[in-house]
Amino acid sequence: MLSRYLIPDYMFEHYYDVTPEFLASIGVRALLIDIDNTLAPYEQPTPDDTHRAWFASLDAAGIRTALISNNHRERVEEFNETLGREAYWHSAKPFGKTFKKVMRGWGLERAQVAVLGDQLLTDALAGKALGLTVLIVPPIRDKKTAFVRFKRYLERPYIRAYHKKHLKEEQT
């Protein structure tokens, strides 16, 4: 039952591997993006040139973007300062209230929106519960707290299930 909500649709090695061409190929016109450990480690306060180039490529392709974070306002605003995206903090993922708010403003169908994050228990669960396409990347640099280690332990079977499913698809 939980696998329906926790197995991502696609996994990538890095956020920048999610290209406008790939998004177009699956019908996605908008991307809801986590910041911490998806785009940058917690300790990186601002985007770098790779981030700016990736967002520019999405803009050029007409892909709408919003930053959706559970982190605090100051962190999100500082990271977003040079990007100028719609940005939301204290988003309470995995609850989808912020996702719904953004999508209403965009006027897009759920099939046209994807979520990009690093956590199955927040990003994937929020996206899947709303019927969105979920794209997951491995965490850039995880915190080593017991709580984070426990969450990552809980995610392992679903990541294995993703790889098993996609291995079977490649073989057919």
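Residues numbered from 1 in each chain as written. Predicted model: local features only at pLDDT ≥ 70, side-chain atom pairs only at ≥ 80, totals over all residues. Heavy atoms only, no water.

Participant: Explain the overall build of the protein here, please?
Facilitator: Along the backbone of the protein there are seven helices and six strands. Computed over the C-alpha atoms, the radius of gyration of the protein is 15 Å, within 12% of the 16 Å expected from 2.2 N^0.38 for a compact globule of 172 residues. C-alpha extents for the protein along the principal axes are approximately 40 × 40 × 30 Å. Looking at the protein alone, contacts between residues at least 24 apart form 68% of all its contacts between residues at least 6 apart. Of the accessible surface of the protein, which amounts to about 9,200 Å², a share of 54% is contributed by carbon and sulfur atoms. Charged side chains of the protein number 25 positive and 22 negative; the gap between the two group centres comes to 8 Å. (Helix = DSSP H or I, 4+ residues; strand = E, 2+ residues; numbered from the N terminus. Rg over C-alpha atoms; globule rule 2.2 N^0.38 Å. Contact = heavy atoms within 4.5 Å. Areas by Shrake-Rupley, 256 points an atom, 1.4 Å probe, with all protein chains shown as cover. Lys, Arg positive; Asp, Glu negative; His and termini not counted. Charge placed at Lys NZ, Arg CZ, Asp CG, Glu CD.)

Participant: Explain a nonpolar patch on the surface here, please?
Facilitator: A cluster of nonpolar residues, Phe150, Tyr153 and Leu154, forms a patch on the protein surface that exposes about 310 Å² of accessible area. Assessed through its relative accessible area of 47%, phenylalanine 150 is described here as partly exposed. (Patch = residues over 30% accessible without salt bridge, like charges linked within 9 Å, V, L, I, M, F, W, Y side chains within 5 Å. Salt bridge = Lys/Arg side-chain N within 4 Å of Asp/Glu carboxyl O. Buried < 20%, exposed > 50% of the residue type's maximum accessible area, 1.4 Å probe, protein only.)

Participant: I'm lost on the sheet that holds strand β5 (residues 113-117) in this one. Help?
Facilitator: An order of β1-β6-β5-β2-β3-β4 is seen for the six strands of this open sheet, with the pairing classed as parallel. Single-partner strands in this sheet number two, and they are β1 (10-11) and β4 (86-88). In the packing of helix α5 (residues 97-106) onto the sheet, the strands contacted are β2 (30-33), β3 (64-68), β4 and β5, and the crossing angle to β3 comes to about 155°. (Pairing = 2+ DSSP bridges. Axes fitted to C-alpha atoms, helices over the stretch in contact; angles between N-to-C directions.)

Participant: It is not clear to me how the pairing of β3 should be interpreted in this structure. Could you clarify?
Facilitator: Each regular strand displays side chains that alternate between the two surfaces of the sheet. Counting buried residues in β3 gives four out of five residues, a clear majority hidden from the surface. Bridging between β2 and β3 involves four bridges; their strand directions are parallel. Paired with leucine 32 across the strands is alanine 66, a residue of β3. Crossover handedness for the path β2 to helix α3 (residues 49-60) to β3: right-handed. Note: β3 against β4, three bridges, orientation parallel. Paired with leucine 67 across the two strands is alanine 87, which belongs to β4. In terms of handedness, the path from β3 via helix α4 (residues 73-80) over to β4 forms a crossover that is right-handed. (Right-handed = clockwise from strand over helix to strand, strands pointing away.)

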